[in-house]
Amino acid sequence: MNTVIPALSDFLDLQYVTAEQFWGLLRLARELKDERQRLGQNAPILAGKALALIFQKPSLRTRVSFEMGMVQLGGHAFYISPQEVGLGTRESVADVARVLSGYCDGIMARVFDHNHVLQLAQSATVPVINGLSDFSHPCQALADLFTVWEQAGRLQGLTLAYVGDGSNNVATSLIMAASKVGMKVRVIAPAGYLPDPALVAESGILVTSDLEGVAGVDVLYTDVWTSMGQEAEREARLRVFPPYQINRELVARTGNPDLLVMHCLPAHRGEEITDAVADGPNSVLFPQAHNRMHAQKALLAHLIANIPLK
Ligand code: CP
Ligand code: NVA
């Protein structure tokens, strides 16, 4: 008997997404990517629909992948710069949500304060997508696991080591996503930059500062040491993080010739990852970046065109 997977009304964070919903999104992403590869185009399921893209921080991938995802599904997206929207300053977050709900069919927001994305969802009558906050980056984690699934053919039972700032938004969402699909996660980070203890407890991940933790892993993942909004801490962080660089030696310590090296990008080459590894045989950095669009098309198809999750 086929059970119906409950529909999502927003995509705010992975704690609100069940494992079956997450798998449903991965399968839908697969279908849409296959359809485009097979036919050269997707069915225009979002014809006449528009997505607002609110940005309080810079972006390359998130902006362009959402815009092109909408275009490829027959819809339209428009960018709203930090100066224009003044989220919570020029206008209340709730009023921004109410106004945009009358013009468009979905809102994607990249914000500093995670509460702003939650407040947008509370007042909007259209779906809201978290395009990165100081707390989390769920769209990235969806695309990341889509990439691992595509590259390795499975997710369950694989081990992923996240090396670097284990307390940041990308690490937080990756931990939530990977534990949802039965992957084992090791976070290898310096003291003071470990994931939230509550998240560690509920996800059952291994946390260590010892780089020996990379031995035998299937995926090695890193992100910048200084995230957007933390620029004042850059010097202090540069003193702590260099031992946690992903370089050839660290890749060799995994002992896995089929290792996947991942980074959400943008990369600070020469800091958290060397050129030799970013451009090396184990790197999937660019398929990973390209999959942002394919994974997000699944979100748009589900949230805006009401395509069910299967
Ligand atoms: N990975 C990611 O979100 O990239 P952008 O900041 O360029 O959107
Ligand atoms: N942790 C990084 C991710 C960028 C996509 C940041 O927040 O700047």
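Residues numbered from 1 in each chain as written. Chains lettered and ligands numbered in written order. Predicted model: local features only at pLDDT ≥ 70, side-chain atom pairs only at ≥ 80, totals over all residues. Heavy atoms only, no water.

**Here's the deal with the site of ligand 1**
- Around ligand 1, the structure places Ser59, Leu60, Arg61, Thr62, Arg110, His137, Gln140, Cys264, Leu265 and Arg292.
- The side chain of Thr62 places a nitrogen or oxygen atom 2.7 Å from an oxygen atom of ligand 1.
- Between an oxygen atom of ligand 1 and a side-chain N or O atom of Arg292, the distance comes to 3.0 Å.
- Considering ligand 1 on its own, with 260 Å² of exposed area, one finds that the protein chains cover 96% of that surface.
- Looking at the shell around ligand 1, its residues break down into three nonpolar, four polar and three charged. (Near = heavy atom within 4 Å. Polar contact = N/O pair within 3.5 Å; in protein donor to acceptor, adjacent residues only side chain to side chain. Areas by Shrake-Rupley, 256 points an atom, 1.4 Å probe, with all protein chains shown as cover. Nonpolar A, V, L, I, M, F, W, Y, C, P; charged D, E, K, R; others polar.)

**Comments concerning the site of ligand 2**
- Close to ligand 2 lie Leu132, Asn168, Asn169, Val170, Asp223, Val224, Ser227, Met228 and Leu265, which account for all nearby residues.
- Contacts to ligand 2 include Ser227, whose side-chain N or O atom sits 2.7 Å from a nitrogen atom.
- A total of 270 Å² of accessible area belongs to ligand 2 in isolation, and the protein chains cover 95% of it.
- Across the shell around ligand 2, the residue classes tally to five nonpolar, three polar and one charged.

**Some details on the pattern of salt bridges**
- Inspection of the entire model under this criterion finds 12 salt bridges.
- The partner of Arg237 in a salt bridge is Asp165, with the nearest N and O atoms 3.0 Å apart. With Arg237 in helix H9 (residues 234–240) and Asp165 in the loop between strand S5 (159–163) and helix H7 (169–180), this residue pair connects regions lying 72 residues apart in the sequence.
- The exposure class assigned to Arg237 is buried, which follows from its relative accessible area of 4%. (Salt bridge = Lys/Arg side-chain N within 4 Å of Asp/Glu carboxyl O. Helix = DSSP H or I, 4+ residues; strand = E, 2+ residues; numbered from the N terminus. Buried < 20%, exposed > 50% of the residue type's maximum accessible area, 1.4 Å probe, protein only.)

**Comments concerning the confidence of the model for the chain**
- Taken as a whole, the chain shows an average pLDDT of 97; of its residues, 99% reach a score of 70 or greater.
- Across the chain, the secondary-structure element scoring lowest on mean pLDDT is helix H3 (residues 82–85), at 88, and the one scoring highest is strand S9 (residues 260–263), at 99. (pLDDT = per-residue confidence, 0-100.)

**A closer look at a nonpolar patch on the surface**
- A contiguous nonpolar patch, built from Leu60, Val64, Met68 and Val71 and spanning about 340 Å² of accessible area, is present on the exposed surface.
- With respect to the helices, strands and loops of the structure, Val71 is situated in helix H2 (residues 61–72).
- Here Val71 falls in the partly exposed class, since its relative accessible area comes to 47%. (Patch = residues over 30% accessible without salt bridge, like charges linked within 9 Å, V, L, I, M, F, W, Y side chains within 5 Å.)

**Describing helix H5 (residues 114–123)**
- Within H5, burial applies to His114, His116, Val117, Leu120, Ala121 and Ser123.
- Packed against the buried residues of H5 are strand S1 (50–55), helix H4 (93–103), strand S3 (106–110) and strand S4 (128–130). (Contact = heavy atoms within 4.5 Å.)

**Focus on the pairing of strand S2 (residues 76–80)**
- Pairing between S1 and S2: five bridges, direction parallel. In the sheet register, Ala52 faces S2, and the bridge partner there is Phe78.
- Crossover S1 to S2 through H2 is right-handed. (Pairing = 2+ DSSP bridges. Right-handed = clockwise from strand over helix to strand, strands pointing away.)

**Quick look at the sheet that holds strand S8 (residues 219–222)**
- As summarised here, the arrangement of the five strands in space is S7-S6-S5-S8-S9, forming an open sheet in which the pairing is parallel. In this open sheet, the two edge strands, each paired with only one partner strand, are strand S7 (206–208) and S9. The average angle at which neighbouring strand axes cross in this sheet is 20°, direction not considered.
- Pairing between strand S6 (residues 184–188) and S7: three bridges, direction parallel. Looking at the pairing, Val187 lines up with Val207 of S7. (Axes fitted to C-alpha atoms, helices over the stretch in contact; angles between N-to-C directions.)

**Concerning the packing of helix H6 (residues 138–152) against H7**
- Where H6 contacts H7, the axes come no closer than 8 Å and their chain directions differ by 45°. Between H6 and H7, the interaxial angle falls into the category oblique. The two elements H6 and H7 cross, and the hand of that crossing is right-handed. Packed against H6, whose contacting residues are Pro138, Ala141, Asp144 and Leu145, the element H7 presents Ser173, Leu174, Ala177 and Ala178 at the interface.
- Of the residues that constitute the contact of H6 with H7, the class distribution is six nonpolar, one polar and one charged. (Parallel < 35°, antiparallel > 145°, perpendicular 65-115°, else oblique. Left-handed = near helix turned anticlockwise from the far one by under 90°.)

**Section: the packing of aromatic side chains**
- Throughout the structure, instances matching the rule amount to six aromatic pairs.
- Plain terms: the ring middles of Trp23 and Trp149 are 5.4 Å apart, the flat faces sit at 85° to each other, and that makes the pair edge-to-face. Here Trp149 lies in helix H6 and Trp23 lies in helix H1 (residues 19–39), a separation of 126 residues in the sequence.
- In textbook terms, an aromatic cluster arises when at least three aromatic residues are bridged by ring pairs, as seen for Trp23, Phe146 and Trp149.
- Across from the ring centre of Tyr79, 4.0 Å away, lies the NZ or CZ of Arg63, which sits over that ring. (Phe/Tyr/Trp six-rings, centres within 6.5 Å; stacked < 30°, edge-to-face > 60°. Lys NZ or Arg CZ within 6 Å of the ring centre and 35° of its normal.)

**Looking at H2**
- Between its first and last C-alpha, H2 extends 16 Å over 12 residues, near the 16 Å set by a 1.5 Å rise per residue.
- All of the buried residues in H2 are Arg61, Thr62, Ser65, Phe66, Gly69, Met70 and Gln72. Each buried residue of H2 lies within a common arc of 165° when the element is viewed along its axis, so the set occupies one face.
- The positive-phi residue at the C-terminal boundary of H2 is Gly74, with phi of around 90°. (Expected span 1.5 Å × (residues − 1). Arc of directions from axis to C-beta.)

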